[in-house]
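# Analysis of the macromolecular model
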There are 2 protein chains.
Amino acid sequence: MDIKLKQQASAITELTFDLLRCCEAKEKMFAKDHGLKVAEFRCLRIVEAGKSYSVQELATSMHLSPSRLTRIIDGLFAEKLVDRVQSIEDRRFAKISLTNKGQTLVGKLKEEYADLHGEMLKDISVEDRDKIYNGISLMQGLVSSWLVKNA
Amino acid sequence: MDIKLKQQASAITELTFDLLRCCEAKEKMFAKDHGLKVAEFRCLRIVEAGKSYSVQELATSMHLSPSRLTRIIDGLFAEKLVDRVQSIEDRRFAKISLTNKGQTLVGKLKEEYADLHGEMLKDISVEDRDKIYNGISLMQGLVSSWLVKNA
DNA sequence: CACTATTTTTGCCTTTAGCAAAGAAAATGT
DNA sequence: ACATTTTCTTTGCTAAAGGCAAAAATAGTG
């Protein structure tokens, strides 16, 4: 087997691992600062204003079980951040969408979370930022499709 | 403020978020396949054979609390993967190190985890792998030092 | 209409994690 | 020398995160 591949894989494994720990810590801090549980923040971050989602959709895109999602949505619903209505076409489905309050919060959240990253990125060159983008983009694609195959 | 920075920050925020979810799923699968709890896998992955660590060292490098680490180590100790001895120089300190069994397992773990990434990386070019490495390396550095400042 | 499949929820359990207090040992002041 | 403070780890308790299996509700099908 390719020796160069092995080296690169090893190095990338290590780095990704460290990045993961750091980003988890970062997410936890951010969520806490905004009075949210980490799971709630993660969930809110993927729902777009105006759209509606089934429990399953949210579960798969968050890589969590439907039952877990039910609980997360319970919390968001209790805080009046999302609405939960039965779909009329198929009443087995729930339609989860942001309330006005939810939309406002999510807007602020996305803005501030991007600002946080802007703060980190502001002292490096545009080219380096592109390198980060390209590298992570490639990696994300690989891991994502690996998951699809091996699930 | 720099409009280009804002765009790049936004894109990187999004990508990093997605990468994180995927990598967490990947870690969870891998740990499960090897009969380990995720926390145990994460801990084992950072201890090197021959070296010994204090609880605090492990806690800070895993971004966890000391008390959490005590529990994780309890588990590894129960499975005879690590030794825990009181330091002779300063008996407040614990010295955590891998047992022979632990070393064997960690060796296998690192090998197989790198192989898993090798599997993902095998179909792309050497140059793209370097792009991934460089991008993630840059990002890891930024997040890491951001955390130091904001903790 | 009985049966099967799908979607979500509920009950229950495990895992992950931190905080605050306790315990144990070292360092420090008087 | 001994009381006080500091440091490192552990323990008790609690919350948050997450999954599995069964139940509930609805849709589709023979």
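Refer to the structure printed above.
Structural notes, computed from the coordinates. Just so we're clear, the structure is a prediction, and the values are computed from it rather than from any experiment.

Our next topic: helix 1 (residues 3-33) of chain A. All names here are of chain A. The end-to-end C-alpha distance of helix 1 is 45 Å, a good match for the 45 Å that 31 residues give at a rise of 1.5 Å each. Where helix 1 begins, one side-chain oxygen reaches toward the backbone nitrogen of Lys-4, 3.0 Å away; that side chain belongs to Asp-2. A positive backbone phi angle near 65° is found at Gly-35, which sits one or two residues after helix 1.

In the vicinity of DNA strand D, 24 residues are found, and the nearest of them are A:Ser65, A:Ser67, A:Arg68, B:Thr70 and B:Arg71. When the atoms of DNA strand D within 4 Å of the protein are grouped by moiety, sugar and phosphate amount to 68% of the total. A:Arg91 places a main-chain nitrogen or oxygen 3.2 Å from a phosphate oxygen of DNA strand D. Among the secondary structure elements, those contributing two or more residues to the surface near DNA strand D are helix 2 (38-46) and helix 4 (66-78) of chain A together with helix 1 (3-33), helix 3 (55-62) and helix 4 (66-78) of chain B. A total of four residues in the surface near DNA strand D trace back to one element, the largest contributor, which is helix 4 of chain B.

Let us now look at the nonpolar core. Of all hydrophobic cores here, the largest spans 94 residues; its most connected members are A:Leu44, A:Leu69, B:Leu44 and B:Leu69. Excluding anything up to four places from it in sequence, B:Leu44 contacts B:Leu36, B:Leu76, B:Leu81, B:Leu98, B:Leu105, B:Val106 and B:Leu109.

A separate point is the layout of surface pockets. Considering only enclosed or pocket space, the largest pocket measures out at about 1000 Å³ in volume. Together, 31 residues line the largest pocket, and A:Glu24, A:Arg42, B:Glu24, B:Lys28 and B:Arg42 are the ones closest to its centre. Sorting the residues of the lining of the largest pocket by element identifies helix 1, helix 2, helix 4 and helix 6 (126-149) of chain A together with helix 1, helix 2 (38-46) and helix 4 of chain B as the ones contributing at least two each. Residue composition of the lining of the largest pocket, by class: 17 nonpolar, two polar and twelve charged. Roughly 330 Å³ of volume is contained in the second largest pocket. Lining of the second largest pocket is provided by 22 residues; of these, A:Asp18, B:Thr60, B:Ser61, B:Met62 and B:His63 occupy positions nearest its centre. Looking at the lining of the second largest pocket, the elements with two or more residues in it are helix 1 of chain A together with helix 2, helix 3 and helix 6 (126-149) of chain B.

Taken together, the contact between chain B and chain A spans 62 residues of the former and 62 residues of the latter. Summed over the shared surface of chain B and chain A, the result is ten salt bridges. Here A:Glu14 and B:Arg45 are joined by a salt bridge, their closest N and O atoms 3.4 Å apart. Run the count over chain B and chain A and you get 17 residue pairs in polar contact (both at pLDDT 80 or more). Looking at the side of chain B that touches chain A, the elements with two or more residues in it are helix 1, helix 2, helix 5 (100-121) and helix 6 of chain B. Top contributing element to the side of chain B that touches chain A by residue count: helix 1 of chain B, with 24 residues. The residue inventory of the side of chain B that touches chain A, partitioned by class, reads 31 nonpolar, twelve polar and 19 charged.

As a matter of local geometry, DNA strand C sits amid 24 residues, with A:Thr70, A:Arg71, B:Val38, B:Ser65 and B:Ser67 nearest to it. By atom count, sugar and phosphate contribute 69% of the portion of DNA strand C lying within 4 Å of the protein. Where the surface near DNA strand C is concerned, the elements lending two or more residues are helix 3 (55-62) and helix 4 of chain A together with helix 2 and helix 4 of chain B. Looking at the surface near DNA strand C element by element, the count peaks at four residues for helix 4 of chain A. When its residues are assigned to classes, the surface near DNA strand C shows seven nonpolar, seven polar and ten charged.

When chain B is fitted to chain A, the best match, at an RMSD of 0.1 Å, comes from turning it 180° and sliding it 0.0 Å along the axis. Put plainly, the chains are arranged around a two-fold axis. Across chain B, the smallest distance between a C-alpha and the rotation axis is recorded for B:Gly135, namely 2.2 Å. A share of 100% of interface residues in chain B that are also interface residues in chain A marks the association as one of identical surfaces.

This part is about the pattern of salt bridges. Where charged atoms of side chains with opposite charge meet at close range, the side chains can pair. Residues and elements named next belong to chain A. Counted according to the given criterion, the structure contains 26 salt bridges over all chains. A salt bridge links Glu-119 to Lys-122; the shortest N-O distance between them is 3.1 Å. Across the pair Lys-131 and Asp-128 runs a salt bridge, and its minimum N-O distance is 3.8 Å. Here the residue Lys-131 and the residue Asp-128 both occupy positions in helix 6, the gap between them amounting to three residues, near one helical turn.

This brings us to the side chain of A:Glu40. Residue and element names in this part refer to chain A. Following the sequence through the fold, Glu-40 ends up in helix 2. Here Glu-40 occupies a buried position and makes no salt bridge, while the nearest side chain of opposite charge, Lys-37, is found at 4.7 Å. Here Glu-40 is in contact with Ile-72, Gly-75, Leu-76 and Glu-79, once residues within four sequence places are set aside.

Conventions we followed
Residues numbered from 1 in each chain as written. Chains lettered and ligands numbered in written order. Predicted model: local features only at pLDDT ≥ 70, side-chain atom pairs only at ≥ 80, totals over all residues. Heavy atoms only, no water. Helix = DSSP H or I, 4+ residues; strand = E, 2+ residues; numbered from the N terminus. Expected span 1.5 Å × (residues − 1). Polar contact = N/O pair within 3.5 Å; in protein donor to acceptor, adjacent residues only side chain to side chain. Near = heavy atom within 4 Å. Core = buried A, V, L, I, M, F, W, Y, C linked by side-chain atoms within 4.5 Å. Buried < 20%, exposed > 50% of the residue type's maximum accessible area, 1.4 Å probe, protein only. Contact = heavy atoms within 4.5 Å. 1 Å grid on protein atoms, 1.4 Å probe; cavity = no way out; pocket = protein on both sides within 12 Å on 5 of 7 lines; lining within 4 Å. Points joined across faces, edges and corners; volume = space filled by probe spheres on them. Nonpolar A, V, L, I, M, F, W, Y, C, P; charged D, E, K, R; others polar. Salt bridge = Lys/Arg side-chain N within 4 Å of Asp/Glu carboxyl O. Least-squares fit on C-alpha atoms with pLDDT ≥ 70 in both. Lys, Arg positive; Asp, Glu negative; His and termini not counted.

Everything listed is a geometric property; what it means functionally is a separate question.
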